[in-house]
Amino acid sequence: MASTTAAATAPPRPLHLRSPSSLSRSSLAISTRAVLPRSFPSLRTCVAPLSRRRHLSVRCNSGLSPELKSTLDKVVTSNKVVLFMKGTKDFPQCGFSHTVVQILKSLNVPFETLDVLSNEALCQGLKEYSSWPTFPQLYIDGEFFGGCDITVDAYKSGELQELLEKTMLS
């Protein structure tokens, strides 16, 4: 019985990680190409070592490129209601996204969704585009409305229904 207690209270063994210097530039490039979509070719070189020292420095041109900003402008202005979320409206991947989808569905509002989990460049660029660090992000009539908490509060107060009625009539 004493041996079980000793095993249960033994400190965890330390993890032994590969040294970053053992990673080759080509292995980084291959893994980066596999993750990033073809629609953002400039981001394929996002991860690249900058030095040959013992630690790995990483250069990343993340953020909002002019091309991504133009694409987001088109998406947001060409749809009256757009929800950038984790997952899809049929299969939300987070509780906050699910909540906003349920609110919009309960109001019978037609809306488009974009899955930010499927594209890291979109996810990071959108945070800069809206100056909002989390998802979901709701856009109504081309303007950023808010995240989950703001949407829930506006729904409870009736402000959201009022705004969406005006938007659908315009």
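Everything that follows concerns the structure shown earlier in this document.
Note that the coordinates shown come from a computational prediction; the quantities given were computed from them, not determined experimentally. (Residues numbered from 1 in each chain as written. Predicted model: local features only at pLDDT ≥ 70, side-chain atom pairs only at ≥ 80, totals over all residues. Heavy atoms only, no water.)

Q: It is not clear to me how the nonpolar core should be interpreted in this structure. Could you clarify?
A: Generally speaking, a soluble globular protein has its nonpolar side chains buried in company with each other. Of all hydrophobic cores here, the largest spans 17 residues; its most connected members are Val81, Leu83, Leu104, Leu138, Leu160 and Leu164. Counting residues per element, this core draws most heavily on helix H4 (residues 95–106), which supplies 4 residues. Residues within four places of Leu160 in sequence aside, it is in contact with Ile103, Leu107, Leu138, Ile140, Phe145, Thr151, Ala154 and Tyr155. In this structure, Phe84, Val116, Cys123 and Phe135 belong to the second largest nonpolar core, which totals 11 residues. (Core = buried A, V, L, I, M, F, W, Y, C linked by side-chain atoms within 4.5 Å. Buried < 20%, exposed > 50% of the residue type's maximum accessible area, 1.4 Å probe, protein only. Helix = DSSP H or I, 4+ residues; strand = E, 2+ residues; numbered from the N terminus. Contact = heavy atoms within 4.5 Å.)

Q: Honestly, the state of the cysteines in this entry has me stumped. Any pointers?
A: In a disulfide, the sulfur atoms of two cysteines are held together by a covalent bond. If you walk through the whole model with that rule in mind, you get 0 disulfides. Unpaired in terms of disulfides, Cys94 finds its nearest cysteine sulfur in Cys148, a separation of 7.7 Å. Given the relative accessible area of 17%, Cys94 is considered buried. Look at Cys148 and you get buried, because its relative accessible area is 10%. (Disulfide = S-S within 2.5 Å.)

Q: What should I look at first to understand the packing of helix H6 (residues 148–157) against helix H7 (residues 159–169) in this one?
A: Geometry of a packed helix pair, given as the angle between the helix axes and the separation of the axes. Running from N to C, H6 and H7 point in directions that differ by 90°, and their axes come no closer than 4 Å. With respect to H7, the element H6 is oriented roughly perpendicular. Taking contact as the criterion, the partners of Thr151, Ala154, Tyr155 and Ser157 in H6 are, on H7, Glu159, Leu160 and Gln161. Class assignment of the residues belonging to the contact of H6 with H7 gives a composition of 3 nonpolar, 3 polar and 1 charged. (Axes fitted to C-alpha atoms, helices over the stretch in contact; angles between N-to-C directions. Parallel < 35°, antiparallel > 145°, perpendicular 65-115°, else oblique. Nonpolar A, V, L, I, M, F, W, Y, C, P; charged D, E, K, R; others polar.)

Q: Is there a simple way to explain H7 in this structure?
A: Among the residues of H7, those classed as buried are Leu160, Leu164 and Thr167. Buried residues along H7 cover an arc of 60° about the axis, so they all sit on one side. For H7, the exposed residues lying more than 90 degrees away from the buried face are Glu165, Lys166 and Leu169. Elements that come into contact with the buried residues of H7 comprise strand S1 (81–85), H4, strand S3 (137–140), strand S4 (143–146) and H6. (Arc of directions from axis to C-beta.)

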